[in-house]
Amino acid sequence: MVGRQTTTSQHIYDDLRTRLVSTGFAHGQRMKSDDLRKDYACSASTIREVLFRLSCDNFLMFEDQKGFRVPTASHHDLQELATIRVLLEKEGVTASIRSGGLTWEARLTAAHHKLAHIEHQIEQLSNLRDFVTIWTAAEREFHETLVSASPSTLLKTMHRTTFDRYRQTQVGLCTRGKFGFREGNISEHAAILDAALAKDIDMCCELVEYHIRASMTDPRKPVDIENNPFLRSESRDRAKIRSE
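Let me begin by describing the structure that accompanies this report. This is a predicted model, so every value here is computed, not measured.

**Regarding the overall build of the protein chain**
If you tally the helices and strands in the protein chain, you get ten helices and two strands. Element order for the protein chain, N to C, with α for helix and β for strand: α-α-α-β-β-α-α-α-α-α-α-α. Burial statistics for the protein chain: of 244 residues in total, 47% are counted as buried. Counting every atom, the protein chain has about 12,300 Å² of accessible surface; 51% of that belongs to carbon and sulfur.

Structure, rendered in structure tokens:
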């Protein structure tokens, strides 16, 4: 939570958004303005402004006479958000591979190194409640870096919001245990990195779509990306081009 000396609306917005995307609030929970105002040591008007912004970005729902509530997670919403993520990320990674260059490749490799370290650590845990925030931040950084060399600012802004809404919904549907983390995440992220560095646009887009859609499956059923029929056999071979 933001410290009491940090009461600007932007800092409060960022902190509340982080809490909404992780496990800070239960889905369907009412957002009590008075309590939040005390938590952040700010004015009632500042809290109303922040809650309104969050509702405009669909992280909260507003109901007449009832105020603001956390959206109730649904598989239908998750499916829709996954479809939008696929469209944005495939378009963004295509542009990034075409124009990213060495600097983009270095940033992507660094983002993956951080994510892989975190995922290898949390892979052994039975309950990730205390690690959802750090895991979400690392995975967001990796996927954002994938599309970061795209010239479209609008695409990148929409991608970030869609990623966070996807994770908020995913976490809401997994109220305990792994909170959406799957064993397949580690190998999938590594394969995406390899395809991106190999400048294989078709394969990278295919892997991105598979990874996003596979994330909607039961996390208790790990998916082996090497053996999944979604991928063409020749694509798996091309993933090794970087090391040849």
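**Considerations on the pattern of salt bridges**
Working definition: two side chains of opposite charge can pair if their charged atoms are close together. Enumeration according to the criterion identifies eleven salt bridges in this entry. Here Glu-141 and Lys-114 are joined by a salt bridge, their closest N and O atoms 2.8 Å apart. Linking Glu-141 in helix α6 (residues 132-147) with Lys-114 in helix α5 (residues 101-122), this pair joins segments that are 27 residues apart in sequence. For Glu-141, a relative accessible area of 30% gives the class partly exposed. When salt bridges with common partners are traced through the structure, they connect Arg-17, Arg-140 and Asp-164 into a single cluster.

**Things to note about the packing of aromatic side chains**
Summed over all chains, the structure comprises two aromatic pairs. Plain terms: the ring middles of Phe-62 and Phe-68 are 5.0 Å apart, the flat faces sit at 55° to each other, and that makes the pair tilted. Note on Phe-68: relative accessible area 11%, which makes it buried. Judged by centre distance (5.5 Å) and plane angle (80°), the ring pair of Trp-135 and Phe-181 falls under edge-to-face.

**Side note on the nonpolar core**
Core analysis: the largest hydrophobic core is formed by 39 residues, its most contacted members being Ile-97, Leu-108, Phe-142, Leu-146, Ile-192, Ala-196 and Cys-204. Elements with a minimum of two residues in this core: α4 (75-99), α5, α6, α7 (153-173), α8 (184-197) and α9 (201-214). Leaving out residues up to four positions away in the same chain, Leu-146 has contacts with Glu-89, Gly-92, Val-93, Ser-96, Trp-104, Leu-108, Ile-192, Ala-196 and Val-208.

**Overview of the packing of α4 against α6**
The contact between α4 and α6 brings their axes to 6 Å, and the two run at 55°. Regarding the angle of α4 to α6, the classification is oblique. Along its contact with α4, which presents Arg-85, Leu-88, Glu-89, Gly-92, Val-93 and Ser-96, the element α6 presents His-143, Leu-146 and Val-147. Taken together, the residues of the contact of α4 with α6 break down into four nonpolar, three polar and two charged.

**Concerning the packing of α5 against α8**
Where α5 meets α8, the closest approach of the two axes is 10 Å, and the angle between their N-to-C directions is 170°. As summarised for this structure, α5 and α8 are arranged roughly antiparallel, according to the angle between their axes. Residues Trp-104, Glu-105, Leu-108, Thr-109, His-112, Leu-115, Glu-119 and His-120 of α5 lie in contact with α8, whose contacting residues are Asn-185, Ile-186, His-189, Ala-190, Leu-193, Ala-196 and Leu-197.

Calculation criteria
- In every chain, residue numbers begin from 1 and rise along the written sequence.
- Under the rules for a predicted model, residues below a pLDDT of 70 receive no local features and side-chain atom pairs below 80 are neither given nor counted, while totals for whole chains, interfaces and linings still include all residues.
- In computing side-chain values, all of the structure's heavy atoms are included and hydrogens and water are not.
- Helical segments are the DSSP runs of H or I of at least four residues, strand segments are the runs of E of at least two, and each set is numbered from the N terminus.
- Summary of the burial criterion: residues with accessible area below 20% of their type's maximum are buried, those above 50% are exposed, and those between are partly exposed, where the area comes from a 1.4 Å probe applied to protein chains only.
- Here, Shrake-Rupley sampling with a 1.4 Å probe gives the accessible areas, and only protein chains in the shown set may cover a residue.
- Definition used for salt bridges: Asp or Glu carboxyl oxygen within 4 Å of a side-chain nitrogen of Lys or Arg.
- Any Phe, Tyr or Trp ring, taking Trp's six-membered ring, that has another such ring centre within 6.5 Å forms a pair; planes under 30 degrees apart are called stacked, those over 60 apart edge-to-face, and the others tilted.
- What is meant by a nonpolar core is a set of buried Ala, Val, Leu, Ile, Met, Phe, Trp, Tyr and Cys residues, joined one to another through side-chain atoms within 4.5 Å.
- Pairs of residues are marked as contacts when any of their non-hydrogen atoms sit within 4.5 Å.
- As a rule, the C-alpha atoms of each element are fitted with a line to give its axis, helices using only the stretch in contact, and angles between N-to-C directions run from 0 to 180 degrees.
- Angular relationships are summarised with four words: roughly parallel below 35 degrees, roughly antiparallel beyond 145, roughly perpendicular across 65 to 115, and oblique for the angles in between.
- Charged means Asp, Glu, Lys or Arg here, nonpolar means Ala, Val, Leu, Ile, Met, Phe, Trp, Tyr, Cys or Pro, and polar covers whatever is left, Gly included.

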